[in-house]
Amino acid sequence: MRRSLPLLAAALLAYGGALRGSFHFDDYSLLANPLITSGEGLWRMWQPLQTRPLTNLTLWLNYRLGGADPIGYHALNLALHLAAVALLFYALKQLIPEAAAFWGALLFAVHPIQSEAVNYVFARGTLLSTVFCLACLIFWLRRKHWAAIALFACALLAKEECVTFPLVLLLFTPGRARWRTFAIMIGTASLAGVRAVWSTAHTPGSGAGFTAGVTPWEYAAAQGAALGRYFQLLVVPWGFTIEPTVSAPVMVRALAWLGIGCLAAAAWKFRHRFPSALWVVAALILLIPSSTIFPATDLAADRRMYLPMVAFAAAFGLVTPQLGKYGPAAIAIGLTILSFLRTETWRTERALWSEAVQRSPTHARPLIQLARAAPPSEAGALLTQAKALEPDNGSVYSELGRLWLNSGRYDLALGEFGRALALQPNDANALNNRGAALLGLKQERAARQDFERALKVDPCVLAARNNLRALGAAELPPCPAIEK
């Protein structure tokens, strides 16, 4: 325990600033999610269509204790990161020399590629799942296999991206495996994967699977470049952004996948000669669920490296003897400084999205998000710039409409919301937005029709439900998250 204190202190130096951070991007959707904000959510989050119930439970508790104050959410994210650091050090000591375990855990604790997982409340599932996976590894090494199975099940209930973790257990402890209990783990992982596919297919706006807006083939084609970006940030930690650009010509994507295949083959071939190579294989196995064929709206996201960093960190620890007497310490100090600076960027919406605008100047989404954080006098110009970049992006017109709606110009808002609906005719939020503009123009009947149409598309749009209640609606379509 005493040896882990410097690791925890380093992690606090790198990421303690997260406690002063605001909410970001999808964090706000958590505060509008009845699973998190309603008392009934405690029970509804365990229904079959609801994914990640353990993560939702922690968020539900955060809301009960602190409401919409971000400090409690960030404090728990930071505590989970510290727990992961301590568990990783304890687990690695049983698999590699203690000095290598220390340096590996230190890399995991302070590397800036961890910034998104630690600073982004919405990434809570990644942190929680990793903590359970590391606890599972510890119990597996102790030959307490049934406890390991239970902890792995908890990891899956936090986030399904850990489905390949049992393969890592088998990779490092083949002689310890009891095939019956290992088969149970694989079966549990398979069921969790099927459930995730089924749930995302039946959940409007889930942003994954069949609703991601990208085919498995398109997603897989982009992942070569995405993985190349992750590896670059791992070795040269510079160029971070919440809006990465991973588009590349077909030939470049093919070459990226070829390079990854060669890396995997070389690591496997030399796994006996170089112990660190086997950990590289483990990292690639852990990347399979998020970085191959299961689509997500975001083609790349740094938080997907959090669990694989367990293996990359161990590989680093094993090569530290080749870095000289002071090399590992110098690397750790430099990474801590970069993570501290990266956390400062994550403190405010304006800083985070200003950086994204600079790093991805051809993307409209950073401009839209920056407009939300900017005063109205600046927001209009930002949205005009976004419209020039992506004239067929309905979100741009929705934001322009909100800008006019907030200033009381309901006629102009109605026009922008109409354009958004022309591009996204089945978007429940766009229907609700147009209804709000119509309500401002005293056209209650038309507004009611839009609110009702919004709930037909997605019965859980809270704003549309509230708007209909304000108009005196007695019955609303049932929402599984909040209705009995």
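Scoring rules and cut-offs
Residues numbered from 1 in each chain as written. Predicted model: local features only at pLDDT ≥ 70, side-chain atom pairs only at ≥ 80, totals over all residues. Heavy atoms only, no water. Helix = DSSP H or I, 4+ residues; strand = E, 2+ residues; numbered from the N terminus. Rg over C-alpha atoms; globule rule 2.2 N^0.38 Å. Areas by Shrake-Rupley, 256 points an atom, 1.4 Å probe, with all protein chains shown as cover. Lys, Arg positive; Asp, Glu negative; His and termini not counted. Charge placed at Lys NZ, Arg CZ, Asp CG, Glu CD. Phe/Tyr/Trp six-rings, centres within 6.5 Å; stacked < 30°, edge-to-face > 60°. Buried < 20%, exposed > 50% of the residue type's maximum accessible area, 1.4 Å probe, protein only. Salt bridge = Lys/Arg side-chain N within 4 Å of Asp/Glu carboxyl O. Patch = residues over 30% accessible without salt bridge, like charges linked within 9 Å, V, L, I, M, F, W, Y side chains within 5 Å. Axes fitted to C-alpha atoms, helices over the stretch in contact; angles between N-to-C directions. Parallel < 35°, antiparallel > 145°, perpendicular 65-115°, else oblique. Contact = heavy atoms within 4.5 Å. Nonpolar A, V, L, I, M, F, W, Y, C, P; charged D, E, K, R; others polar. Expected span 1.5 Å × (residues − 1). 1 Å grid on protein atoms, 1.4 Å probe; cavity = no way out; pocket = protein on both sides within 12 Å on 5 of 7 lines; lining within 4 Å. Points joined across faces, edges and corners; volume = space filled by probe spheres on them. Polar contact = N/O pair within 3.5 Å; in protein donor to acceptor, adjacent residues only side chain to side chain.

Colleague: Quick rundown of the overall build of the chain? Include the residues and the values.
Modeller: On a plain count of helices and strands, the chain comes out with 25 helices and zero strands. Relative to the 2.2 N^0.38 estimate, which gives 23 Å for 484 residues, the radius of gyration of the chain is 24 Å and therefore close to what a compact globule would have. Considered along the principal axes of its C-alpha atoms, the chain spans approximately 75 × 45 × 45 Å. For the chain, the accessible surface area stands at approximately 21500 Å², while carbon and sulfur atoms represent 64% of it. Side-chain charges in the chain split into 43 positive and 28 negative, and the spacing between the mean points of these groups amounts to 11 Å.

Colleague: Can you explain the packing of aromatic side chains? Please cite residues and give values.
Modeller: In total, this model carries 11 aromatic pairs according to the counting rule given. Ring plane angle 75 degrees and centroid distance 5.3 Å describe the contact between F23 and Y73, whose orientation is recorded as edge-to-face. Of this pair, F23 sits in the loop between helix 1 (5-15) and helix 2 (27-31) while Y73 sits in helix 6 (residues 70-92), placing them 50 residues apart in sequence. Like F23, the residue Y73 is buried in the burial classification. Ring pairing ties together the aromatic residues F23, Y28 and Y73, which thus form one cluster.

Colleague: Explain the pattern of salt bridges to me, and be specific about the residues and the numbers.
Modeller: As enumerated under the stated definition, the model contains 19 salt bridges in all. One salt bridge in this structure joins R52 and E160, with 3.2 Å as the shortest N-O distance. Pair noted here: R52 is in the loop between helix 4 (41-44) and helix 5 (53-66) and E160 is in the loop between helix 10 (145-158) and helix 11 (165-172), with a separation of 108 residues, a long-range link. According to the relative accessible area criterion, R52 is partly exposed, its value standing at 29%. A salt bridge links E116 to R303, with the shortest nitrogen-to-oxygen separation between them at 2.5 Å.

Colleague: Explain a nonpolar patch on the surface residue by residue, including any values.
Modeller: On the surface, a cluster of nonpolar side chains totalling about 390 Å² of accessible area is made up of I333, I337, F340 and L341. Residue position: I337 is located in helix 17 (residues 327-345).

Colleague: A description of the packing of helix 1 against helix 17 should follow, citing residues and the corresponding values.
Modeller: Two elements in contact, helix 1 and helix 17, have axes separated by 7 Å at closest approach and are oriented at 40 degrees. Between helix 1 and helix 17, the angle is such that the two are oblique. Listed contacts from helix 17 to A10, L13, A14 and Y15 of helix 1 are T336, S339, F340 and T343. Of the residues in the contact of helix 1 with helix 17, the class split is five nonpolar, three polar and no charged.

Colleague: Quick one: what's the story with helix 7 (residues 98-110), residue by residue and with numbers?
Modeller: Spanning 13 residues, helix 7 covers 18 Å between terminal C-alpha atoms, matching the ideal 18 Å at 1.5 Å per step. For helix 7, a buried count of 10 out of 13 residues is recorded, marking the element as mostly surrounded by other parts of the structure. Among all positions of helix 7, only A100, A101, F102, G104, A105, L106, L107, F108, A109 and V110 are buried.

Colleague: Describe unusual backbone geometry, and please don't skip the residues or the numbers.
Modeller: With glycine set apart, most residues show a phi of negative sign, and most peptide bonds adopt trans. Positive phi is not limited to glycine here, since R52 has a value of about 55 degrees. Its identity is not glycine, yet R143 carries a phi of approximately 65 degrees, on the positive side. For R143, the location among the structural elements is in the loop between helix 9 (124-141) and helix 10. Here R143 falls in the partly exposed class, since its relative accessible area comes to 48%.

Colleague: Got a sec to walk through the environment of G17? Specific residues and values, please.
Modeller: Within the fold, G17 resides in the loop between helix 1 and helix 2. For G17, a relative accessible area of 11% corresponds to the buried category. Along the chain, G17 and L78 lie 61 residues apart, while their C-alpha atoms are 9.7 Å from each other. If sequence neighbours within four positions are ignored, G17 has contacts with T343 and R347.

Colleague: So what's going on with the layout of surface pockets? Which residues, and what values?
Modeller: In this structure, the second largest pocket spans a volume of roughly 440 Å³. Elements with a minimum of two residues in the lining of the second largest pocket: helix 13 (216-235), helix 14 (250-269), helix 15 (275-287), helix 16 (308-319) and helix 17. Ranked by residue count, the leading element in the lining of the second largest pocket is helix 16, at four residues.

Colleague: Account for the environment of T58, naming residues and giving values.
Modeller: Residue placement: T58 occurs in helix 5. Judged by its relative accessible area of 16%, T58 falls in the buried class. Within polar-contact distance, the side chain of T58 engages the backbone oxygen of T55 at 2.7 Å.

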